Amino acid sequence: MAESKVGADVKIVFALALTLIFGAAAIDDGTLGWLIAFPALAMLIFCMWRAPLRNSLFVLTFFVLILENPNEAPASNKWQSPFHSVGALMLMHLNNSLGPRWMSFYGMDVILVTLIAITLQRKFTKSNIDRAGQTPTPKPLVQLAFVSFAGTAFVWASGLLRGGEFSWSLWQVDRVVYLPLVFLLFQAGLRGPKDHAILARILCSAALLRAVMAIFVANTFSVPPDPYTGDTRLPYATTHQDSVLFSDACVVLISLVSERAGGWAWRRALIALPILFAGMVANNRRLVWVQVAIVFLTTYLATPPNPFKRKLKRAVLILSPVIAVYLAAGWESKSPAFKPAQMVRSVVDPTTDSSSLWRELENYDLVFTIRQNPVLGTGYGHQFSEVLVLPDVDYPLEKYCPHNSLLGLWAYAGYVGFTAMTLLWVVGVYFGLRAYHLAQRPVDRAAAMTSFGAVCVYLVQCFGDIGLGGFTGVFTVAPALAVAGKLAVATGGWGAKKLGPATPSAPPNADHVDLRAIGQRQSS
């Protein structure tokens, strides 16, 4: 069965649509924007209708990851990227940028609804445009996506029946409905392991672009000096959500190296990782370092021994006295030389700064709310119980969508709803780790580790910094879950023939298999 490709007509129309969109964004004229919007949208719909679903998802994912949300960018009142208005159209409610109050939905919603309609049409007409050469997704993953929807509906209805506020409940539903929806699109569109290389390139390219932007913003713009510290740096350079993007890109690159995918993996890591680390420093979010550390600590414990792990263990043992002395010396210090030690302390000691203490107070209130309604939760449309009064913050959704998204979800959904909405993540991790242990090629093991790592990073972001439902998290976790499921099938972990150690067109040495070889089956 021949696989469908993007035709020349689609490429031409898509290029013209992008030219119109970004041209209008550069001119920044409201009337011209309205005139261009409808023909540009029609062109995009034509492209989505004619192209394989995976190609539409690849393009959408890239733009979601690189576009800035004006609500999240601290320097947006001083500087706006050329993509600022396009990001506003896609990632903010359209009534904020276009005016009409009834347009209380994202531009992203229009694209997703179109892709859903196209997917259903192709399914009912038994079109092969997406099914050709496709590895199936384990049925439990697909079923759990619908269980997540059912759990959301249950928590929503139970909250409204108990007097919840409808308008506020919509924001809470918004935080949980996109991930299973986007996952269903990815599992329907991805062919299988052969698409992993494309996803990895999209993720790393987007992360590098955002890292460069973070470096530029952090070194160009400042705020008035802090009255206590004199610090003039922006609190962060791009967005909180970029922590997820930077962490996931690091996981991709380090996983390829640790799994000994070949010299090309080392070369790319040596070029890209310094840029990513510089972007992470510029963005000034301590959570990003926690995310990377937790992913590799967890995978270290969950994966079998290998040469890389033995070398790492030896290096940590040798350096442990130096690390201990450094942490002890810098624990109370304010010197920039001890910044890593200060960051470690801020993570484990909530009294070190007002931000950590504020989150500790919020956690207490959320745990108290969970104890009051452990089984069913409060339901959506309700606030959490503010036993300890929190200092005021410039975030009107705090009582309905708290910073600690995981405890917040548990408080509103209870055991029943929380389990229904998170089982998809848990089973996705199961398939990812199962694929890791069964995969014979380094690139497959790296893909499995990355799929697990994406979920782990998302959980840390949700626990620490309003991660639940952020589009960056959604468009990294949703494809990761699809990758985990299809890779489990492709490696023989779920009812399918196992991939061989190498393809006929690949070098005999598995350590030198290129990313492009992912997903090609061994000839029988």
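Structural notes, computed from the coordinates. Please read these numbers as outputs of a predicted model, since none were measured by experiment.

## Some remarks on the pattern of salt bridges
Item 1. Tallied over the full model, the rule gives 10 salt bridges.
Item 2. Across the pair Arg122 and Asp130 runs a salt bridge, and its minimum N-O distance is 2.9 Å.
Item 3. By relative accessible area, which is 6% here, Asp130 ends up buried.
Item 4. Between Lys399 and Glu386 there is a salt bridge, with the nearest N and O atoms lying 2.8 Å from each other. Of this pair, Lys399 sits in the loop between α15 (354–372) and α16 (405–438) while Glu386 sits in the loop between α15 and α16, and the two are 13 residues apart along the sequence.
Item 5. Of the residues examined, Glu386 reaches a relative accessible area of 28% and is grouped as partly exposed.
Item 6. Within the structure, one salt-bridge network assembled from shared partners comprises Arg285, Arg359 and Asp465.

## A few points about unusual backbone geometry
Leave glycine aside and you will find that most residues have negative phi; peptide bonds, for their part, are mostly trans.
Item 1. Backbone geometry places Arg260, a non-glycine residue, at a positive phi of 55°.
Item 2. Structurally, Arg260 can be placed in the loop between α10 (242–258) and α11 (263–283).
Item 3. With a relative accessible area of 44%, Arg260 lands in the partly exposed category.

## Concerning the side chain of Arg445
Item 1. Here Arg445 shows up in helix α17 (residues 442–464).
Item 2. On the accessibility criterion, Arg445 (19% relative accessible area) is buried.
Item 3. At a separation of 3.1 Å, a polar atom in the side chain of Arg445 contacts the main-chain carbonyl oxygen of Gln440.
Item 4. Setting aside its immediate chain neighbours within four residues, Arg445 contacts Glu259, Tyr436, Ala439 and Gln440.

## Quick word on the packing of α10 against helix α12 (residues 287–302)
Item 1. Two elements in contact, α10 and α12, have axes whose closest approach is 9 Å; the angle formed by their N-to-C orientations is 35°. Considering only the axes of α10 and α12, their crossing is right-handed. Of the residues in α12, those in contact with Ser243, Val244, Phe246, Ser247, Cys250, Val251, Ile254 and Ser255 of α10 are Val288, Gln291, Val292, Val295 and Phe296.
Item 2. Class assignment of the residues belonging to the contact of α10 with α12 gives a composition of 9 nonpolar, 4 polar and no charged.

## Quick word on the packing of helix α3 (residues 53–66) against helix α8 (residues 166–189)
Item 1. The geometry of α3 relative to α8 is characterised by a closest axis approach of 8 Å and an angle of 135° between their N-to-C directions. Between α3 and α8, the angle falls in the class oblique. In terms of crossing hand, the pair formed by α3 and α8 is left-handed. Residue-level contacts link Leu53, Arg54, Leu57 and Thr61 of α3 to Leu185, Phe186, Ala188 and Gly189 of α8.

Calculation rules
- Residues numbered from 1 in each chain as written.
- Predicted model: local features only at pLDDT ≥ 70, side-chain atom pairs only at ≥ 80, totals over all residues.
- Heavy atoms only, no water.
- Salt bridge = Lys/Arg side-chain N within 4 Å of Asp/Glu carboxyl O.
- Buried < 20%, exposed > 50% of the residue type's maximum accessible area, 1.4 Å probe, protein only.
- Helix = DSSP H or I, 4+ residues; strand = E, 2+ residues; numbered from the N terminus.
- Polar contact = N/O pair within 3.5 Å; in protein donor to acceptor, adjacent residues only side chain to side chain.
- Contact = heavy atoms within 4.5 Å.
- Axes fitted to C-alpha atoms, helices over the stretch in contact; angles between N-to-C directions.
- Left-handed = near helix turned anticlockwise from the far one by under 90°.
- Nonpolar A, V, L, I, M, F, W, Y, C, P; charged D, E, K, R; others polar.
- Parallel < 35°, antiparallel > 145°, perpendicular 65-115°, else oblique.

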